[in-house]
Amino acid sequence: MKINKNYLNLKPSYLFKTIGERCADYKAKNPDADIISMGIGDVTLPLCRTAADAMVAAAKEMGNIDTFHGYPSSYGEDFLLSAISAHYKNHIGIDVKTSDIVVTCGAKEDVANILDIFDEDNTVLIPDPVYPVYLDTNIMAGRKIKFISANEENKNLPMPGENDAADIIYICSPNNPTGAAYTRSQLKTWVDFATENNAVILYDAAYEMFITDPDCPRSIFEIDGAEKCAIEFCSFSKTAGFTGVRCGYTVVPSELTFDGVSLLDLWKRRQSTKSNGVSYVVQRAAAAAFSEQGYAEICSNIDYYRKNTANMMATFDELGLTYYGGCNSPYIWLKCPKGMKSWDFFDVMLERCNVIGTPGSGFGEMGEGFFRLSGFGDNDRCSAALERIKKVIPTL
Ligand code: MLT
């Protein structure tokens with residue numbers, strides 16, 4: 001037996017696990033510390049009432065012989081596929097066929113699992129900094145990886161250059177971690193670039209609900225030609241607070257073919273072999289979140305989180321700190337004061353403010369010197385964290 005040696009090329013621990021361990025150590029030594037987490041982008045509000053009620057009703061159906069359901073469809077139940085298609089139509093203004101949607105356990109799983117359908121010889125292009133799953137899963141598969149830098153000069157929105165040709169291109173917009181969102185014309189440039197280079201774009205739209213700028217698309221499929229070069233990944237996690245429930249979806253247009261082979265067919269073949277789908281109870285809750293009433297409730301939850309980012313931006317303006325994101329995103333990408341390194345600033349925040357954030361360097365080399373703060377917390381706890389930060393920053 002031989003192990004997959006590519007795993008030995010990974011950092012020993014996944015970013016958010018490392019942070020969790022550092023905090024647990026601190027807490028063990030300082031049991032009275034009142035730690036406020038603004039680290040991992042985990043939601044704090046409960047499921048919206050309409051989704052929670054639908055989940056209870058579905059659970060009751062499962063406990064009754066007349067309404068019990070066995071294995072779900074590997075691709076998603078019709079009622080949820082229709083709700084997702086209606087979401088695209090009613091809130092984003094585009095047509096997405098139900099047959100092009102595959103319901104899954106979440107976008108994190110999907111961006112990892114989709115790699116099964118691509119040859120390992122493909123070269124991938126990954127922005128730096130970025131959500132660590134893109135990089136780690138390609139290291140696991142031993143693929144050749146090229147990076148494209150997101151930095152202050154390009155406002156964290158890198159555009160393709162002549163050295164950036166690759167077979168698989170990752171785009172995350174609004175971006176995790178920088179919070180930057182591509183405009184329509186910038187995305188068109190990426191779509192044209194992918195088309196010219198016979199590449200596929202893996203488009204992570206997990207944070208689409210946070211976009212307020214009408215010039216920034218909520219879906220790659222708002223861009224002409226994207227249906228021939230892109231796959232979109234979405235999630236109910238950040239949209240509807242499903243981080244602990246798990247449900248997401250991919251859109252793979254039927255027009256998307258390479259060498260005459262449909263990627264949708266390959267993706268469905270993969271899913272039907274390796275997955276028995278998402279539980280009926282969860283799918284009912286997800287569909288309810290996209291009902292008219294559910295959508296109003298999830299929008300109100302997103303507005304609640306926006307208060308945190310607005311509060312952070314006002315505080316950092318007052319302190320004269322440089323930051324990015326926050327407007328179309330739940331994340332603030334803060335430049336560490338006094339040229340501090342990301343993990344040094346993490347220690348200051350933990351030890352002197354009892355506030356947890358995510359060191360930018362954990363998202364890639366270009367993230368060094370930055371610190372990500374999540375807006376998914378409780379409003380009062382966020383205000384309390386900012387009061388502590390206000391006292392400590394001037395002393396650095
Ligand atoms: C993050 O904090 O980057 C995300 O919550 C992690 C995830 O979605 O897996």
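Note: the structure precedes this text.
Residues numbered from 1 in each chain as written. Predicted model: local features only at pLDDT ≥ 70, side-chain atom pairs only at ≥ 80, totals over all residues. Heavy atoms only, no water.

1. Some remarks on the overall build of the protein
So, step 1. Scanning the protein from N- to C-terminus turns up twelve helices and 15 strands.
So, step 2. Computed over C-alpha atoms, the radius of gyration of the protein comes to 21 Å, within 12% of the 21 Å expected from 2.2 N^0.38 for 396 residues, which places it in the range of a compact globule.
So, step 3. For the C-alpha atoms alone, the extent of the protein along its principal axes is close to 60 × 55 × 50 Å.
So, step 4. Out of the 396 residues in the protein, the part that is buried amounts to 55%.
So, step 5. Long-range contacts, defined here as pairs at least 24 residues apart, represent 74% of the contacts in the protein between residues at least 6 apart.
So, step 6. Summed over all atoms, the accessible surface of the protein reaches about 17,200 Å², with 51% contributed by carbon and sulfur. (Helix = DSSP H or I, 4+ residues; strand = E, 2+ residues; numbered from the N terminus. Rg over C-alpha atoms; globule rule 2.2 N^0.38 Å. Buried < 20%, exposed > 50% of the residue type's maximum accessible area, 1.4 Å probe, protein only. Contact = heavy atoms within 4.5 Å. Areas by Shrake-Rupley, 256 points an atom, 1.4 Å probe, with all protein chains shown as cover.)

2. A short note on the sheet that holds strand β12 (residues 331-335)
Sheet strands line up and pair through hydrogen bonds in the backbone, either parallel or antiparallel.
So, step 1. Read across the open sheet, the four strands follow the order β11-β12-β15-β14; overall the sheet is antiparallel. The open sheet has two free edges, formed respectively by β11 (323-325) and β14 (358-359), since each of these has just one partner strand.
So, step 2. Looking at chain direction, β12 and strand β15 (residues 370-374) are connected through five bridges and run antiparallel. From the neighbouring strand, I332 faces β15, where its bridge partner is L373.
So, step 3. In the packing of helix α11 (residues 342-353) onto the sheet, contacts are made with β12, β14 and β15, and the angle to β15 comes to roughly 45°. (Pairing = 2+ DSSP bridges. Axes fitted to C-alpha atoms, helices over the stretch in contact; angles between N-to-C directions.)

3. Thoughts on the packing of aromatic side chains
Aromatic ring pairs are defined here through the distance separating the ring centres and the angle between the ring planes.
So, step 1. Scanning the model with the defined rule gives 22 aromatic pairs in all.
So, step 2. Between Y207 and Y331 the ring centres are 5.2 Å apart and the planes differ by 65°, which places this aromatic pair in the edge-to-face class. In this pair, Y207 is assigned in the loop between β6 (200-204) and β7 (230-235) and Y331 in strand β12, connecting sequence segments 124 residues apart.
So, step 3. With centroids separated by 5.6 Å and ring planes inclined at 40°, the aromatic side chains of F236 and F242 adopt a geometry described as tilted. (Phe/Tyr/Trp six-rings, centres within 6.5 Å; stacked < 30°, edge-to-face > 60°.)

4. As for the pattern of salt bridges
So, step 1. Enumeration according to the criterion identifies 17 salt bridges in this entry.
So, step 2. Measuring nitrogen to oxygen at the nearest pair gives 2.9 Å for the salt bridge that ties R246 to E109. Of the two residues, R246 is situated in the loop between α7 (236-240) and β8 (248-251) and E109 in helix α4 (residues 107-113); the sequence distance between them amounts to 137 residues.
So, step 3. Relative accessible area serves as the criterion here: at 26%, R246 is assigned to the partly exposed category.
So, step 4. A salt bridge links K390 to E318; its shortest N-O distance comes to 3.9 Å. Note that K390 is positioned in helix α12 (residues 379-392) and E318 in helix α10 (residues 292-319), a separation of 72 residues in sequence.
So, step 5. Each of D34, R381 and R388 takes part in salt bridges that share partners, so that together they form one network. (Salt bridge = Lys/Arg side-chain N within 4 Å of Asp/Glu carboxyl O.)

5. Here we look at helix α3 (residues 78-92)
So, step 1. For α3, with 15 residues, the first-to-last C-alpha span of 20 Å sits near the 21 Å given by 1.5 Å per residue.
So, step 2. Residues of α3 that are buried: L80, L81, A83, I84, S85, H87, Y88 and I92.
So, step 3. Tucked inside the fold, the buried residues of α3 contact β2 (101-104), β7, α7, β8, α9 (280-289) and α10.
So, step 4. One or two positions beyond α3, positive phi appears at G93, with a value near 85°. (Expected span 1.5 Å × (residues − 1).)

6. Digging into the sheet that holds β6
So, step 1. Within the open sheet, the seven strands sit side by side as β2-β8-β7-β6-β5-β3-β4. Their pairing is mixed. If you trace the sheet from one side to the other, it starts and ends with β2 and β4 (144-149), each paired once. Between one strand and the next, the sheet's axes are offset by a mean angle of 20°, whatever the strand orientation.
So, step 2. Judged from the four bridges that link them, β2 and β8 form a sheet pairing that is antiparallel. Counterpart to I101 in the pairing with β8 is V251.
So, step 3. The strands touched by helix α8 (residues 263-274) within the sheet are β2, β6, β7 and β8, with β2 carrying the most contacts at an inclination of about 25°.

7. Here's the deal with the packing of α10 against α12
If you want to describe how two helices pack, look at the angle between their axes and the distance between the axes.
So, step 1. Their axes nearest at 10 Å, the elements α10 and α12 cross at an angle of 10°. Here α10 lies roughly parallel to α12, going by the angle between them. Contacts from Y304, K307, N308, N311, M312, T315, F316, E318 and L319 in α10 reach N379, C382, S383, L386, I389 and K390 in α12.
So, step 2. Of the residues contributing to the contact of α10 with α12, the split by class is seven nonpolar, five polar and three charged. (Parallel < 35°, antiparallel > 145°, perpendicular 65-115°, else oblique. Nonpolar A, V, L, I, M, F, W, Y, C, P; charged D, E, K, R; others polar.)

8. Some thoughts on the nonpolar core
So, step 1. With 64 residues, the main nonpolar core has I201, F236 and F242 as its most contacted residues.
So, step 2. When residues of this core are sorted by domain, at least three fall in each of domain 1 (5-47 + 294-395) and domain 2 (49-292).
So, step 3. Excluding residues that lie within four positions of it along the chain, F236 makes contacts with L80, I84, G241, F242, C247, G248, Y249, A286 and F290.
So, step 4. Core analysis: the next-biggest nonpolar cluster, separate from the first, contains 37 residues, Y26, I332, F363 and I389 among them. (Core = buried A, V, L, I, M, F, W, Y, C linked by side-chain atoms within 4.5 Å. Domains from an automatic or database assignment.)

9. With respect to the site of the ligand
So, step 1. F16, I40, G41, K108, Y131, N176, Y207, K238, Y331 and R372 make up every residue found near the ligand.
So, step 2. Measuring from an oxygen atom of the ligand, one finds a side-chain N or O atom of N176 at 2.8 Å.
So, step 3. Between an oxygen atom of the ligand and a side-chain N or O atom of K238, the distance comes to 2.8 Å.
So, step 4. About the coverage of the ligand: the protein hides 85% of its 270 Å² of free accessible area.
So, step 5. Placement of the ligand is best described as lying within the second largest pocket.
So, step 6. When grouped by side-chain class, the residues that make up the shell around the ligand number five nonpolar, two polar and three charged.
So, step 7. Of the residues that make up the shell around the ligand, three or more belong to each of domain 1 (5-47 + 294-395) and domain 2 (49-292). (Near = heavy atom within 4 Å. Polar contact = N/O pair within 3.5 Å; in protein donor to acceptor, adjacent residues only side chain to side chain. 1 Å grid on protein atoms, 1.4 Å probe; cavity = no way out; pocket = protein on both sides within 12 Å on 5 of 7 lines; lining within 4 Å. Sits in = over half its atoms within 2 Å of the grid points.)

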